[in-house]
Amino acid sequence: MYLRKPFAHAQRQQYLTSKSRIIKIFKYISVTLAIVAAILYLSSLLFRVESVQHAIAGYLTGKIEEAYGIPLSIERLRIRNLDEIILKGVLIKDRSNDTIIFAHEATAHISPHKLSEGSIQINTLTFAAPDIRLNRDSAGGPLNIQFLIDNLEKKEESESKDI
């Protein structure tokens, strides 16, 4: 006949209890990861909706116009990755409302860590086959793009002073 040790049963119960705790923790972690993955997937689907893209394009153009004084319009945008935005129908005008730059498509590479801080930093902006129209109002006068250059320089100076 098999005799049990007095503590063997208690040790087995403790082992089963700790094993079930580990399984519960693993289940909680799995469910949490699945929820996070689902949220990320659904948010990526949300960014593909045309009305959402149009709203984001309007928001971005408003922020750029406000910050830099650049008259800009974007027909559509598509977020390819967290760090890449494809812009469609990009139009930049001068102060007399004439076209400076028009491109059917442009690609903006942004800084993802700045997004988490609530700001957008464009690292590179590449235009595909742009139509660029530079001119002067008078001989020896500034180019129609000069106000863009001046506004960008002022913004850089104020940002470097704030740091």
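Because the structure is predicted, anything quoted here is derived from the model rather than measured.

Rules behind the numbers
Residues numbered from 1 in each chain as written. Predicted model: local features only at pLDDT ≥ 70, side-chain atom pairs only at ≥ 80, totals over all residues. Heavy atoms only, no water. Salt bridge = Lys/Arg side-chain N within 4 Å of Asp/Glu carboxyl O. Helix = DSSP H or I, 4+ residues; strand = E, 2+ residues; numbered from the N terminus. Buried < 20%, exposed > 50% of the residue type's maximum accessible area, 1.4 Å probe, protein only. Pairing = 2+ DSSP bridges. 1 Å grid on protein atoms, 1.4 Å probe; cavity = no way out; pocket = protein on both sides within 12 Å on 5 of 7 lines; lining within 4 Å. Points joined across faces, edges and corners; volume = space filled by probe spheres on them. Nonpolar A, V, L, I, M, F, W, Y, C, P; charged D, E, K, R; others polar.

A.B. asks: Explanation requested: the pattern of salt bridges in the structure shown.
C.D. replies: Side-chain pairing between opposite charges can occur once the charged atoms of the two side chains come close. One pass over the full model with this rule turns up three salt bridges. Lys-88 is the salt-bridge partner of Glu-105, the closest N and O atoms lying 2.6 Å from each other. Taken together, the residues Glu-105 in strand β3 (residues 99-110) and Lys-88 in strand β2 (residues 84-93) connect sequence positions 17 residues apart. For Glu-105, a relative accessible area of 28% translates into the label partly exposed. Overall, Lys-88 belongs to the partly exposed group, its relative accessible area being 24%. The residue Asp-131 makes a salt bridge to Arg-133 at a minimum N-O spacing of 2.9 Å. Residue Asp-131 is classed as partly exposed on the basis of its relative accessible area, which comes to 29%. We classify Arg-133 as partly exposed; its relative accessible area is 45%.

A.B. asks: What exactly am I supposed to notice about the pairing of β2 here?
C.D. replies: Both faces of the sheet carry side chains from a regular strand, because those side chains alternate between them. Along β2, eight of the ten residues are buried, which leaves the element largely enclosed by surrounding structure. As judged from the eight bridges shared by strand β1 (residues 72-81) and β2, these two strands associate in the antiparallel manner. Note that in β2 the partner of Ile-79 across the bridge is Ile-85. Between the end of β1 and the start of β2, which pair antiparallel, lie two residues. The antiparallel hairpin formed by β2 and β3 contains five residues in its connecting segment, where Asn-97 sits at a positive phi of about 65°.

A.B. asks: Looking at this model, I keep getting lost on the layout of surface pockets. Mind explaining?
C.D. replies: Empty space among the atoms can be located by rolling a probe the size of a water molecule over them. Quantified by volume, the largest pocket comes out at close to 1800 Å³. Lining the largest pocket are 45 residues, and of these Leu-60, Ile-110, Ile-120, Gln-121 and Ile-122 sit closest to its centre. Of all the elements in the fold, those that place two or more residues in the lining of the largest pocket are α1 (8-46), α2 (50-68), β1, β2, β3, α3 (112-116), β4 (122-128) and α4 (146-162). Tallying contributions element by element places α2 first for the lining of the largest pocket, with eight residues. Here the residues of the lining of the largest pocket sort into 29 nonpolar, six polar and ten charged.

Keep in mind these values describe shape, not function.
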